[in-house]
Amino acid sequence: MDKLLIQGGTPLSGEAAISGAKNAALPILCASLLSAEPMHFINVPHLNDVSTMLRLIGQMGVEVTMEGNDGLVLNSHGLNNPTASYDMVKTMRASILVLGPLLARCGEAKVSLPGGCAIGARPVDQHIKGLQAMGAEIRVENGYILASASRLKGARIVTDMVTVTGTENLMMAAVLADGETIIENAAREPEVVDLAHCLMAMGAHISGAGTDSICIEGVERLHGATHSIMPDRIETGTYLCAAAITGGRIRLTNTSAAYLDSVVQKLRESGCEVSTEGDSIALNAPPRLKSVSIRTEPYPAFPTDMQAQFMAINCVADGSAVIRETIFENRFMHAVELIRLGADIRIEASNALVTGVPHLDGATVMATDLRASASLVIAGLVAQGETLIERIYHLDRGYERIEEKLSKLGARVRRVR
Ligand code: UD1
């Protein structure tokens, strides 16, 4: 299994390009199941999660053709097997995103229940409840969701909590339903908006994406389209944190500050200068940061996917900070690994009290999930000596060529096999 070896202590400097967003690409690839005509995608990130999704829809009869460096054509003309097996779903929870499109296009779907994961129980009851409200018959048998509907019917759905993939699944089901669907308490994440743009390019009638009330007027069929995946705001935020913790100065291109207000605000509070110009963001960090408290909430508030990275920053900042995680019940697994590097962190229920220490010391640490891995990389970049991160397959799920991009920014990092 691959590991990442980091020699800490070099301030990051220079320029790096941001890739397409994983969390936009995954639902958008599933949207191609909704039309029998070819879909062209650009700015598709090279990530293990994207390969897993392509394998999954490939098993369903979708033809996958790579185009150039980051282009992809998906043709669902021959879609004939509306099934997502446990073997696939267990490796990637986002596989649940095929449920809505399969049901809408094929009238049936058999999708494995995802089960829990490292960061919490993560049920999919809201996905199921919403589809039932649209007239789907759903049974859960032998760990599989068995869903059928001759044609889904528009409905008014109020989700119990804000759910990103839940909103996306229901939106994709509703675009081919008979009549109007309104999703209340919808997720406002930019990735939901990107999916809506793709669906609209395919001929869907959607309004309100980006607000908490999305209205979808179902159509009989969707056509092929071309869509460019939005930049990855979490990858962007992660590199900004990496530069901030090392006292660096970097510029990220092919990105957008538009979706990063809460993160940029916290970086400024920590003492960094952040400026934006067109599709680029520049950060200039002071030699030592100030602690910043954060509380994770659905968009546009501070994202849970940036929580671990800010915990790393606070480990070596002046003062103490409270990090409150409100989205997932078990998302502090990185804290024990950061403590192995010398951090001072106390966890009480969903709060972490982080008191900055003068410096971290390199050690061998274990990545437990995608963003936890990112926080260990960030900590390793500033720790004295060598940090060896094990189980970096988590990183490869969501960060394209991370060691290459970091090396380009001057970090001393290499993959060891
Ligand atoms: C998505 C993102 C993930 C991010 C998360 C929160 C993708 C592929 N993944 O995950 O990176 O961390 O949003 O921003 O886009 N819940 C239920 N029942 C449901 C659905 C959700 O109880 O049916 C709960 C979850 O357990 C969690 C909360 O709602 O506590 C929010 O989860 P949700 O927004 O659904 O996360 P994902 O869509 O899985």
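Residues numbered from 1 in each chain as written. Predicted model: local features only at pLDDT ≥ 70, side-chain atom pairs only at ≥ 80, totals over all residues. Heavy atoms only, no water.

Participant: Just give me the short version of the site of the ligand, but keep the residues and values in it.
Facilitator: What surrounds the ligand is a group of 18 residues, the closest being Asp 125, Thr 163, Thr 165, Asp 305 and Ile 327. Contact distances for the ligand include 3.3 Å between a nitrogen atom and a backbone N or O atom of Pro 123. Gln 126 is positioned with one of its backbone polar atoms (N or O) 2.7 Å from an oxygen atom of the ligand. Look at the ligand: alone it shows 740 Å² of surface, and the protein chains cover 86% of it. Those elements giving two or more residues to the shell around the ligand turn out to be α5 (125-133) and α6 (164-174). (Near = heavy atom within 4 Å. Polar contact = N/O pair within 3.5 Å; in protein donor to acceptor, adjacent residues only side chain to side chain. Areas by Shrake-Rupley, 256 points an atom, 1.4 Å probe, with all protein chains shown as cover. Helix = DSSP H or I, 4+ residues; strand = E, 2+ residues; numbered from the N terminus.)

Participant: Outline the pattern of salt bridges, supporting the account with residue identities and numerical values.
Facilitator: Two side chains that carry opposite charge are able to pair once their charged atoms sit near each other. This model, assessed by the stated rule, comprises 21 salt bridges. The closest approach of N and O atoms between Arg 233 and Glu 191, which form a salt bridge, is 2.7 Å. Placement of Arg 233 in helix α8 (residues 233-245) and of Glu 191 in helix α7 (residues 190-201) is noted, with a sequence separation of 42 residues between them. In terms of burial, Arg 233 and Glu 191 fall into one category: buried. For Arg 288, the salt bridge is made with Asp 318, and the minimal N-O distance between the two is 2.6 Å. Remark: Asp 318 occurs in the loop between α10 (307-315) and β19 (320-324) and Arg 288 occurs in the loop between β17 (280-284) and β18 (294-295); sequence separation between them is 30 residues. When salt bridges with common partners are traced through the structure, they connect Asp 2, Asp 396, Glu 403, Arg 415 and Arg 417 into a single cluster. (Salt bridge = Lys/Arg side-chain N within 4 Å of Asp/Glu carboxyl O. Buried < 20%, exposed > 50% of the residue type's maximum accessible area, 1.4 Å probe, protein only.)

Participant: Please provide a residue-by-residue account of the packing of aromatic side chains, values included.
Facilitator: In total, this model carries one aromatic pair according to the counting rule given. Lying across the ring of Tyr 144, Lys 110 places its NZ or CZ 4.8 Å from the centre. (Phe/Tyr/Trp six-rings, centres within 6.5 Å; stacked < 30°, edge-to-face > 60°. Lys NZ or Arg CZ within 6 Å of the ring centre and 35° of its normal.)

Participant: How would you explain the nonpolar core if you had to name every residue and give the values?
Facilitator: Membership of the largest hydrophobic core comes to 76 residues, with the highest contact counts inside it found for Leu 34, Val 98, Met 171 and Leu 199. In terms of residue count, the dominant contributor to this core is helix α1 (residues 22-31) (seven residues). If we skip the residues at most four places from it in the chain, Val 98 touches Cys 30, Leu 33, Met 53, Leu 56, Ile 57, Met 60, Ala 84 and Val 111. In this structure, Tyr 239, Val 263, Cys 272 and Ile 313 belong to the second largest nonpolar core, which totals 68 residues. (Core = buried A, V, L, I, M, F, W, Y, C linked by side-chain atoms within 4.5 Å. Contact = heavy atoms within 4.5 Å.)

Participant: Summarise empty space enclosed by the protein; cite the residues concerned and give the values.
Facilitator: All chains considered together, the criterion is met by three cavities of 30 Å³ or more. As a volume, the largest cavity reaches approximately 50 Å³. Lining the largest cavity are Thr 238, Tyr 239, Ala 242, Ala 374, Val 377, Ile 378, Tyr 399, Ile 402 and Leu 406. In terms of residue class, the lining of the largest cavity is made up of eight nonpolar, one polar and no charged. In this model, the second largest cavity occupies a volume close to 40 Å³. In terms of lining residues, the second largest cavity is bounded by Arg 233, Ile 234, Tyr 259, Leu 260, Ser 262, Val 263, Tyr 299, Pro 300, Ala 301, Pro 303 and Met 306. Every element with two or more residues in the lining of the second largest cavity is listed here: α8 and α9 (261-269). Within the lining of the second largest cavity, the residues separate by chemical class into nine nonpolar, one polar and one charged. (1 Å grid on protein atoms, 1.4 Å probe; cavity = no way out; pocket = protein on both sides within 12 Å on 5 of 7 lines; lining within 4 Å. Points joined across faces, edges and corners; volume = space filled by probe spheres on them. Nonpolar A, V, L, I, M, F, W, Y, C, P; charged D, E, K, R; others polar.)

Participant: Residues and numbers for unusual backbone geometry, please.
Facilitator: Tyr 299 connects to Pro 300 through a cis peptide bond whose omega is 10°. The backbone of Asn 43 sits at a positive phi, close to 60°, despite the residue not being glycine. What makes Asn 43 buried here is its relative accessible area of 19%. The phi dihedral of Arg 401 falls on the positive side, at around 40°, and the residue is not glycine. The residue Arg 401 is located in the loop between α13 (393-398) and α14 (402-408) in this model.

Participant: How would you summarise the sheet that holds strand β15 (residues 249-253) if you had to cite specific residues and measurements?
Facilitator: What the four strands build is an open sheet, ordered β2-β15-β17-β16; its pairing is mixed. Each of the sheet's edge strands pairs with one partner strand only, and the pair in question is β2 (13-17) and β16 (273-277). For this sheet, the mean angle separating the axes of adjacent strands, direction not counted, is 15°. Sheet topology note: the β15/β17 ladder contains four bridges and is antiparallel. Bridged to Arg 249 within β17 is Asn 284. In this fold α8 packs onto β15 and β17, with an angle of close to 170° to the strand it touches most, β15. (Pairing = 2+ DSSP bridges. Axes fitted to C-alpha atoms, helices over the stretch in contact; angles between N-to-C directions.)

Participant: If you had to explain the environment of Asp 344 to someone new, which residues and values would you point to?
Facilitator: Here Asp 344 shows up in strand β20 (residues 344-348). Each C-alpha atom, one on Asp 344 and one on Ser 320, is 9.6 Å from the other, the two residues being 24 residues apart in sequence. Ignoring any residue separated from it by four or fewer positions in sequence, one finds Asp 344 in contact with Leu 353, Val 354, Thr 355 and Val 357.

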